Amino acid sequence: MADLRHLRQDFPILDRTVNGKRLVYLDSAATTQKPRSVIEAIDHYYRTSNANVHRGAYTLSVEATEAYENARAKVADFIGATDSDELVFTRGTTTGINFVAYGWGLNHLTEGDRIVLTGMEHHSNIVPWQLVARHTGAELAYLPINEDYEVSLDDLDTVVNSRTKIVALSGMSNVTGAFGPVAAVSAAARSVGAITVVDAAQAVPHAPLDVALLGVDFLAFSGHKMLGPTGTGGLWGRRDRLEEMEPTEGGGEMISDVGLYESTWAPIPHKFEAGTPNIAGAVGLGAAVDYLSKVGMSEVRSHERALTKYGIEQLSAVPHLTIHGPADLDNRGGVISFQLADVHPHDIATILDQEGVAVRAGHHCAKPLMRSLGVPATARASFYLYNTPEDVDALVAALHHALELFGVS
Ligand code: PMP
């Protein structure tokens, strides 16, 4: 296992205790902890260069603009975009997908058109499409998951048919950890002239990714799931797609000219960034990307792959524990959802918290997937670069304790 343990000292929160125990943070799929360099970059920006961006002719405003646009260039480069104008700063994955649904979908869909999703999507890659389908009369169709928790491609050619205009899928499930078949699905989409939108909330933070090679049209991700601040994220789009997409928020910053009755838009990416942006957040996200690049995304992936292998082995040895996720480590990331006997996942999470172990419990904003799994909720442990085998051991010990408490033997 790539030993990244030395990185833990960069994360001040990992020094704290919870209920008298060492904090074992296993909820990075929900949000990640922040290294000192990110916290300090935000602090430094506010202490030294805070001003509004883009219009000011004075030094502070020029510095703030440079800091904001430098961050854009770093984030664009991090995902392999050669043109930083193709990177729109957003509040997160949810905002990015809504921008595409309303800004592109609303103007390109008509009655009878089809939007294809998969059976393992997060609500933020379902509900915006339902709303836009309702507005346009388009229909939704799904690629279901199979018994290996993977998106089934058996009916790909019939589900992605000539009426399909949009295919939207996750790069990795936040529940099962399964990777989405982005290459196969986007090839099918292209063959019928449809666009592909990737929910990369769980993909960008955990493995090398290159939008130039993916062959997709849009890709949305969240800054807070990749060491950056909350309220930050990115929507990458191919230049021509962004140019044909309408802004969905109007206001300052996003215009070229405003008349009493009509306005014209600023060039991309600014036409999608109405109002004063989250400048400090972007600076923090830039620092997060610096940190991840220094560690190396291949290192991050191999560390998490090994930790997931260890986690699955150890958890599989816990009596009455069922894991919901693919066995194939090459086709899954570091998210392990599980059931423990018939103990409610919320009770599991509460008992684990007593041991300092933070896991998530619930439907994980993926109710249709939960229904396919046949469970209302799961407990979920998720890993990042700062987790260690000892964290897995602490989880397993706490689960044994839970079994004792519930009298399950
Ligand atoms: N998609 C997936 C797969 C996710 O895991 C999440 C966050 N749980 C989202 C979308 C939404 O991200 P955000 O809340 O940051 O917009």
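It should be noted that the structure appears before, not after, this text.
These figures come from a predicted structure and were not determined experimentally.

J.: Help me understand the sheet that holds strand β16 (residues 360–362) in this model?
T.: Adjacent strands of a sheet form backbone hydrogen bonds with each other and so pair up, either parallel or antiparallel. Spatial ordering of the open sheet is given by β13-β14-β17-β16, a layout of 4 strands whose pairing is antiparallel. Each edge of the sheet is formed by a strand with only one pairing partner; in this case those strands are β13 (321–324) and β16. Neighbouring strand axes in the sheet, compared pairwise and without regard to direction, differ in orientation by 30° on average. Along the sheet, helix α11 (residues 345–354) makes contact with β14 (335–340), β16 and β17 (378–382), crossing β16 at roughly 160°.

J.: Sorry if this is basic, but what is going on with the site of the ligand here?
T.: Taken together, Gly-92, Thr-93, Thr-94, His-122, Ser-124, Asn-174, Asp-199, Ala-201, Gln-202, Ser-222, His-224 and Lys-225 form the complete shell of residues around the ligand. Between the ligand and Thr-93, the relevant distance is 3.4 Å, taken from an oxygen atom to a main-chain nitrogen or oxygen of the residue. Between the ligand and Asp-199 there is a distance of 2.6 Å, counted from a nitrogen atom to a side-chain nitrogen or oxygen. Here the ligand has 400 Å² of accessible area as a free molecule, and 85% of this is covered by the chains. Residues belonging to the shell around the ligand are distributed by class as follows: 1 nonpolar, 9 polar and 2 charged.

J.: I tried to follow the pairing of β17 on my own but got confused; where do I start?
T.: Within a regular strand, side chains alternate between the sheet's two faces. The buried fraction of β17 is high, at 5 of 5 residues. Neither face of β17 is open: one carries Thr-378, Arg-380 and Ser-382, the other Ala-379 and Ala-381, and all of them are buried. Taken together, the 4 bridges between β14 and β17 define a ladder with antiparallel strand orientation. Paired with Ser-337 across the bridge in β17 is Arg-380.

J.: Would you take a moment to explain the nonpolar core for this structure?
T.: Within soluble globular proteins, side chains that are nonpolar tend to cluster in buried spots. Ranked by internal contacts, the top residues of the largest apolar core, which has 74 residues, are Ile-79, Val-204, Leu-219, Phe-221, Met-226, Leu-227 and Leu-385. Residue contributions to this core peak at 11 residues, all from helix α9 (residues 279–295). If we ignore the near neighbours within four places in the chain, the residues touching Ile-79 are Leu-87, Val-204, Leu-209, Asp-210, Val-211, Phe-221 and Trp-236. Residues Leu-307, Ala-361, Ala-379 and Leu-403 belong to the second largest nonpolar core, which totals 30 residues.

J.: How should empty space enclosed by the protein be read in this particular structure?
T.: Gaps left between atoms are located by rolling a probe of water-molecule size over the structure's atoms. Tallying each qualifying case throughout the model produces 1 cavity of 30 Å³ or more. The calculated volume of the largest cavity comes to roughly 30 Å³. Along its surface, the largest cavity is lined by Ser-28, Ala-29, Met-172, Gln-202, His-206, Glu-304, Gly-334, Val-335, Ser-382 and Phe-383. Split by residue class, the lining of the largest cavity holds 4 nonpolar, 5 polar and 1 charged.

Here is what the cut-offs are and how they apply
- Residues numbered from 1 in each chain as written.
- Predicted model: local features only at pLDDT ≥ 70, side-chain atom pairs only at ≥ 80, totals over all residues.
- Heavy atoms only, no water.
- Pairing = 2+ DSSP bridges.
- Helix = DSSP H or I, 4+ residues; strand = E, 2+ residues; numbered from the N terminus.
- Axes fitted to C-alpha atoms, helices over the stretch in contact; angles between N-to-C directions.
- Contact = heavy atoms within 4.5 Å.
- Near = heavy atom within 4 Å.
- Polar contact = N/O pair within 3.5 Å; in protein donor to acceptor, adjacent residues only side chain to side chain.
- Areas by Shrake-Rupley, 256 points an atom, 1.4 Å probe, with all protein chains shown as cover.
- Nonpolar A, V, L, I, M, F, W, Y, C, P; charged D, E, K, R; others polar.
- Buried < 20%, exposed > 50% of the residue type's maximum accessible area, 1.4 Å probe, protein only.
- Core = buried A, V, L, I, M, F, W, Y, C linked by side-chain atoms within 4.5 Å.
- 1 Å grid on protein atoms, 1.4 Å probe; cavity = no way out; pocket = protein on both sides within 12 Å on 5 of 7 lines; lining within 4 Å.
- Points joined across faces, edges and corners; volume = space filled by probe spheres on them.

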